[in-house]
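Chain by chain, the residues run as shown.
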Amino acid sequence: MPLGNIVSFDTGTFDGTVTYDFLVKSIKLGGHEKSFNYVIDLEYKPEKLYVVLNIKRRRDVEPKWRLWLNEFSLTKEFRPNIEIDTGTLKLSSIIYDITPLAKIGKNEFSVSYKGLQEISLESIGYIAFYKAEQFITNYNLMSGVLALRPLEHATFQCNGECYLIVNNDKEGKLIVDNYEISGDEPEEIKFNKTGEIEVKSVSQNSKSLGYVYAFYSLKYKVPKIDVDIDYSLEGDSLTVKAVSNSEINLDKVIINVLLNGISINYRVFENIKPNSVIEYPVKLNGFKKGILNIRVVSIKAGYRKIFDKTLQIK
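A short tour of the structure in this document, coming up.

1. Regarding the layout of surface pockets
Here is step 1: Empty space within the largest pocket amounts to approximately 420 Å³.
Here is step 2: Around the largest pocket, the lining comprises 17 residues; the ones closest to its centre are Thr-19, Tyr-20, Gly-302, Tyr-303 and Arg-304.
Here is step 3: Every element with two or more residues in the lining of the largest pocket is listed here: strand 2 (16–29), strand 3 (35–42), strand 10 (119–131) and strand 23 (303–313).
Here is step 4: Approximately 160 Å³ is the volume attributed to the second largest pocket.
Here is step 5: In this structure, the second largest pocket is lined by Lys-28, Lys-56, Arg-57, Arg-58, Val-61, Leu-89, Gln-117, Glu-118, Ile-119 and Ser-120.
Here is step 6: Residue assignment for the lining of the second largest pocket shows that the elements contributing at least two residues are strand 4 (48–58) and strand 10.
Here is step 7: The leading source of residues in the lining of the second largest pocket is strand 4, at 3 residues.
Here is step 8: In the lining of the second largest pocket, the residues fall into 3 nonpolar, 2 polar and 5 charged.

2. Topic: the sheet that holds strand 23
Here is step 1: Strand order in this open sheet of 4 strands is 20-19-22-23, and the pairing throughout is antiparallel. Only two strands of the sheet have a single partner each, and these edge strands are strand 20 (262–272) and strand 23. This sheet shows a mean twist of 15° between the axes of neighbouring strands, independent of strand direction.
Here is step 2: Sheet topology places strand 22 (residues 290–300) next to strand 23; 11 bridges connect them, and they run antiparallel. Looking at the pairing, Arg-295 lines up with Asp-308 of strand 23.

3. Details of the nonpolar core
Here is step 1: Counting 59 residues, the largest nonpolar core has Leu-53 and Ile-255 as its most contacted members.
Here is step 2: Contacts of Leu-53, omitting those with residues within four sequence positions, involve Ser-92, Ser-93, Ile-94, Tyr-96, Phe-109, Val-111, Leu-121, Ser-123 and Ile-124.
Here is step 3: The next biggest cluster of nonpolar side chains, apart from the first, holds 24 residues, and it includes Phe-14, Tyr-163, Tyr-211 and Ala-214.

Calculation notes
- Here, residues in each chain are numbered from 1, in the same order as that chain's written sequence.
- In keeping with the predicted nature of the model, local features appear solely for residues at pLDDT of at least 70, side-chain atom pairs appear and are counted solely at 80 or more, and the whole-chain, interface and lining totals rest on all residues.
- Side-chain metrics in this entry use all non-hydrogen atoms of the structure; hydrogen atoms and water are not considered.
- For each structure, a 1 Å grid was placed over the protein atoms alone; sets of points admitting a 1.4 Å probe that cannot get out are labelled cavities, open sets with protein on both sides within 12 Å along at least five of seven lines are labelled pockets, and lining residues have an atom within 4 Å of a point.
- Grid points are joined across faces, edges and corners, and a volume is the space filled by probe spheres set on the points.
- Put simply, DSSP marks the helices as runs of H or I at least four residues long and the strands as runs of E at least two long, and each gets a number from the N terminus on.
- Side-chain classes are defined by residue name, with Ala, Val, Leu, Ile, Met, Phe, Trp, Tyr, Cys and Pro counting as nonpolar, Asp, Glu, Lys and Arg as charged, and the others, Gly among them, as polar.
- Strands qualify as paired when DSSP identifies two bridges or more between them.
- Each axis is a line fitted through C-alpha atoms, and for a helix only the stretch in contact is used; angles between axes span 0 to 180 degrees, taken between their N-to-C directions.
- In plain words, nonpolar cores are sets of buried Ala, Val, Leu, Ile, Met, Phe, Trp, Tyr and Cys residues tied together by side-chain atoms within 4.5 Å.
- Three labels apply to residues, based on accessible area from a 1.4 Å probe with only protein chains included: buried if under 20% of the type maximum, exposed if over 50%, partly exposed otherwise in between.
- Working rule for contacts: check all heavy atoms of both residues, and any pair within 4.5 Å makes them a contact.

Written out as structure tokens, the structure is:
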């Protein structure tokens, strides 16, 4: 039977979008490194905002730290929501609802660690809820620490867009659907499917464990968001044309023109209404041959939809 637990900390239906962003990387704190700053950049005021952290350390280490948001002290106590003891290590999952303290723009979440012995911040990230007309999101947000011994498995129900954070001991190996995860660096996996996702430990070392830190499932009901891309090319001058056929106003439209994979022009347009037309020239500056890609990113309340138009210049 797997060790630990991963549980839903928020689930339901929301009239808007639910977005997330995580830094998934082992960050060592202790010794010379005493602090770490994580920036949460918010374009809108969220209805709800969570920060989720996963910590790994030796089992005899009791962390002494302080957490800050925008120079406001959140806590100076280490209080995991879920924690497991493997016999050699302790792994912890910690969740904070920081909605009342969040502001539009740059928010700085800081971990100030006072201990002498090293701890590892395995992942840190945020989940934001934004109100948006004609959007409905069914969501299930799960966090914790679930440790799988060799041949043990866990299943999760994916109902649209799903996101996992997993890790192993040094000699561990996980199979997540068709993905193989090995090594002791945390990894994130994103799926788009309806059905079960199986996470199975297949390590040859009987003492090695695989870990699941987070699972998020999001199913969006989205209004029509559509952008037609057209162009005309004359000499080394390209004219880009984008027409919004969307049902709703778009907060932003980002147009990126790439030639042979290199961005040569990048523009941001705001408050784009239905049937709006964006048209402007782009100089190719002497480039005569290659693959030209016009990428349009349409954004509404953090929800993004991407459109591409590719042409070959001969």
